[in-house]
Amino acid sequence: MAQRCFLSAKIHGATITCANLEYRGSISIDTVLMKTVGILPYEQVDVYNLDNGERLTTYAIPGAKGEICLNGAAAHKGAVGQRVIIASYVWLDENEARTRKPKVAIADNDNGVDQILECELDPDF
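Caption draft 1: Region of interest: the overall build of the protein chain. Scanning the protein chain for helices and strands turns up 2 helices and 9 strands. Starting at the N terminus and ending at the C terminus, the protein chain contains elements arranged as β-β-β-α-β-β-β-β-α-β-β. The globule rule puts the C-alpha radius of gyration for 125 residues at 14 Å, and the 15 Å found for the protein chain is close to it. Along the longest, intermediate and shortest principal axes, the C-alpha atoms of the protein chain span 45 × 30 × 25 Å. For the protein chain, the share of sequence-separated contacts (at least 6 apart) that also reach a separation of at least 24 residues comes to 76%. A total of about 7,400 Å² of accessible surface is found on the protein chain, and carbon and sulfur atoms cover 50% of it. When the 12 positive and 17 negative side-chain charges of the protein chain are each reduced to one mean point, those points stand 3 Å apart.

Caption draft 2: Just the nonpolar core, in detail. By size, the foremost hydrophobic cluster in this structure holds 21 residues, and its most contacted members are Ile11, Ile27, Ile29, Ile39, Ile68 and Ile86. Mapped onto this core, the elements with two or more residues apiece are strand S1 (3-15), strand S3 (26-30), helix H1 (31-37), strand S4 (44-49), strand S5 (55-63), strand S6 (68-71), strand S7 (83-93) and strand S8 (103-107). Setting aside residues no more than four positions away along its own chain, Ile39 makes contact with Ala9, Ile11, Met34, Val45, Ala60, Ile86 and Ser88.

Caption draft 3: Quick peek at the state of the cysteines. Counted under the stated rule, the structure contains 1 disulfide. Note that Cys18 is cross-linked by a disulfide to Cys69, the S-S spacing being 2.2 Å. With the S-S bond torsion at -135 degrees, the cross-link from Cys18 to Cys69 turns out left-handed. Here Cys18 is found in strand S2 (residues 18-20), whereas its partner Cys69 is found in strand S6, with 51 residues between them in sequence. We classify Cys18 as partly exposed; its relative accessible area is 23%. Overall, the relative accessible area of 2% leaves Cys69 in the buried class.

Caption draft 4: Quick peek at unusual backbone geometry. A positive phi angle is found at Tyr42, which is not glycine, with a value near 75 degrees. Structurally, the position occupied by Tyr42 is in the loop between H1 and S4. The phi angle at Asn111 is positive, at roughly 65 degrees, despite the residue not being glycine. Examined against the element boundaries, Asn111 turns out to sit in the loop between S8 and strand S9 (113-117). You can call Asn111 buried: its relative accessible area is 1%.

Caption draft 5: Representation of the side chain of Asp93. Following the sequence through the fold, Asp93 ends up in strand S7. Arg98 provides the closest opposite charge to the buried, salt-bridge-free Asp93, at an N-O distance of 8.6 Å. A distance of 3.1 Å separates the side chain of Asp93 from the backbone nitrogen of Asn95, its partner in a polar contact. Polar side-chain contacts of Asp93 include one of 2.9 Å to the backbone nitrogen of Glu96. Residues in contact with Asp93, not counting those within four places in the same chain, are Met1, Ala2 and Gln3.

Scoring rules and cut-offs
- Residues numbered from 1 in each chain as written.
- Predicted model: local features only at pLDDT ≥ 70, side-chain atom pairs only at ≥ 80, totals over all residues.
- Heavy atoms only, no water.
- Helix = DSSP H or I, 4+ residues; strand = E, 2+ residues; numbered from the N terminus.
- Rg over C-alpha atoms; globule rule 2.2 N^0.38 Å.
- Contact = heavy atoms within 4.5 Å.
- Areas by Shrake-Rupley, 256 points an atom, 1.4 Å probe, with all protein chains shown as cover.
- Lys, Arg positive; Asp, Glu negative; His and termini not counted.
- Charge placed at Lys NZ, Arg CZ, Asp CG, Glu CD.
- Core = buried A, V, L, I, M, F, W, Y, C linked by side-chain atoms within 4.5 Å.
- Buried < 20%, exposed > 50% of the residue type's maximum accessible area, 1.4 Å probe, protein only.
- Disulfide = S-S within 2.5 Å.
- Salt bridge = Lys/Arg side-chain N within 4 Å of Asp/Glu carboxyl O.
- Polar contact = N/O pair within 3.5 Å; in protein donor to acceptor, adjacent residues only side chain to side chain.

Rendered as C-alpha coordinates:
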(Lines give C-alpha, C1' and ligand atoms only; values in the text may rest on other atoms or scores of the structure.)
Protein backbone atom coordinates (compact mmCIF):
# COMPACT_ATOMS: atom_id res chain seq x y z
CA MET A 1 0.00 0.00 0.00
CA ALA A 2 1.28 3.46 -0.87
CA GLN A 3 2.40 5.76 1.92
CA ARG A 4 2.05 9.52 2.30
CA CYS A 5 3.88 11.98 4.52
CA PHE A 6 2.02 13.44 7.53
CA LEU A 7 2.85 15.77 10.41
CA SER A 8 4.18 13.77 13.35
CA ALA A 9 5.28 16.43 15.83
CA LYS A 10 5.31 20.21 16.05
CA ILE A 11 6.73 22.79 18.44
CA HIS A 12 5.06 26.11 17.67
CA GLY A 13 6.44 29.54 18.55
CA ALA A 14 9.72 28.61 20.21
CA THR A 15 12.21 31.47 20.54
CA ILE A 16 15.76 31.19 19.20
CA THR A 17 18.18 31.58 22.13
CA CYS A 18 21.45 31.24 20.23
CA ALA A 19 22.96 30.77 16.79
CA ASN A 20 26.30 28.95 16.75
CA LEU A 21 27.91 29.07 13.31
CA GLU A 22 30.96 27.03 14.39
CA TYR A 23 28.97 23.98 15.52
CA ARG A 24 28.87 21.20 12.92
CA GLY A 25 25.14 21.37 12.22
CA SER A 26 21.70 20.72 13.68
CA ILE A 27 19.30 22.47 16.03
CA SER A 28 19.54 22.13 19.81
CA ILE A 29 16.06 21.89 21.35
CA ASP A 30 15.02 21.98 25.00
CA THR A 31 14.79 18.31 26.02
CA VAL A 32 11.36 18.74 27.64
CA LEU A 33 9.95 20.16 24.39
CA MET A 34 11.47 17.27 22.42
CA LYS A 35 10.02 14.65 24.77
CA THR A 36 6.61 16.34 24.90
CA VAL A 37 6.07 16.01 21.16
CA GLY A 38 8.13 12.86 20.65
CA ILE A 39 11.05 14.20 18.61
CA LEU A 40 14.03 11.89 19.09
CA PRO A 41 17.73 12.85 19.09
CA TYR A 42 19.08 13.01 15.52
CA GLU A 43 15.58 12.92 14.00
CA GLN A 44 15.12 15.03 10.88
CA VAL A 45 13.17 18.22 11.49
CA ASP A 46 12.07 21.20 9.45
CA VAL A 47 12.46 24.65 10.97
CA TYR A 48 10.23 27.52 9.84
CA ASN A 49 11.24 31.01 10.97
CA LEU A 50 8.09 33.01 11.79
CA ASP A 51 9.92 36.34 11.66
CA ASN A 52 11.85 36.17 8.39
CA GLY A 53 10.24 33.30 6.47
CA GLU A 54 13.44 31.22 6.25
CA ARG A 55 13.00 27.45 6.16
CA LEU A 56 15.53 24.68 6.66
CA THR A 57 15.84 20.96 7.20
CA THR A 58 18.27 19.64 9.78
CA TYR A 59 18.31 17.19 12.71
CA ALA A 60 17.43 17.66 16.36
CA ILE A 61 19.81 17.29 19.28
CA PRO A 62 18.85 17.61 22.96
CA GLY A 63 19.49 21.06 24.37
CA ALA A 64 19.55 22.65 27.79
CA LYS A 65 16.45 23.97 29.54
CA GLY A 66 14.90 26.70 27.40
CA GLU A 67 17.44 26.28 24.59
CA ILE A 68 16.62 26.62 20.89
CA CYS A 69 19.94 26.99 19.10
CA LEU A 70 20.55 27.04 15.35
CA ASN A 71 23.89 25.34 14.78
CA GLY A 72 26.28 25.35 11.82
CA ALA A 73 24.97 26.70 8.52
CA ALA A 74 21.47 26.91 10.06
CA ALA A 75 22.78 29.81 12.16
CA HIS A 76 22.42 31.98 9.05
CA LYS A 77 18.65 31.31 8.95
CA GLY A 78 17.67 33.02 12.20
CA ALA A 79 18.69 35.39 14.97
CA VAL A 80 18.34 35.34 18.73
CA GLY A 81 14.84 36.45 19.69
CA GLN A 82 13.16 35.28 16.49
CA ARG A 83 10.40 32.68 16.76
CA VAL A 84 10.30 29.36 14.93
CA ILE A 85 8.13 26.35 14.27
CA ILE A 86 9.91 22.99 14.45
CA ALA A 87 8.18 20.05 12.76
CA SER A 88 8.85 16.40 12.06
CA TYR A 89 6.96 14.17 9.64
CA VAL A 90 6.23 10.47 9.29
CA TRP A 91 5.31 8.25 6.33
CA LEU A 92 2.02 6.41 6.91
CA ASP A 93 -0.25 4.17 4.93
CA GLU A 94 -3.91 5.17 4.68
CA ASN A 95 -5.05 3.06 7.65
CA GLU A 96 -2.35 4.46 9.94
CA ALA A 97 -3.10 8.01 8.78
CA ARG A 98 -6.73 7.70 9.84
CA THR A 99 -5.82 6.89 13.45
CA ARG A 100 -2.49 8.59 14.22
CA LYS A 101 -2.67 12.09 15.67
CA PRO A 102 0.28 14.50 15.56
CA LYS A 103 1.67 15.80 18.84
CA VAL A 104 1.70 19.60 18.98
CA ALA A 105 3.08 21.84 21.72
CA ILE A 106 2.88 25.62 21.93
CA ALA A 107 6.05 27.07 23.47
CA ASP A 108 5.90 29.76 26.13
CA ASN A 109 8.22 32.80 26.32
CA ASP A 110 10.93 30.71 28.04
CA ASN A 111 10.65 27.79 25.58
CA GLY A 112 8.73 25.69 28.05
CA VAL A 113 5.46 23.97 27.23
CA ASP A 114 2.62 26.51 27.38
CA GLN A 115 -0.07 24.33 25.85
CA ILE A 116 -0.50 20.92 24.25
CA LEU A 117 -2.95 20.90 21.35
CA GLU A 118 -5.29 18.01 20.72
CA CYS A 119 -5.39 17.35 16.98
CA GLU A 120 -8.76 16.06 15.83
CA LEU A 121 -9.20 13.47 13.11
CA ASP A 122 -12.21 13.82 10.81
CA PRO A 123 -13.88 10.38 10.56
CA ASP A 124 -15.77 11.50 7.43
CA PHE A 125 -12.70 12.54 5.46
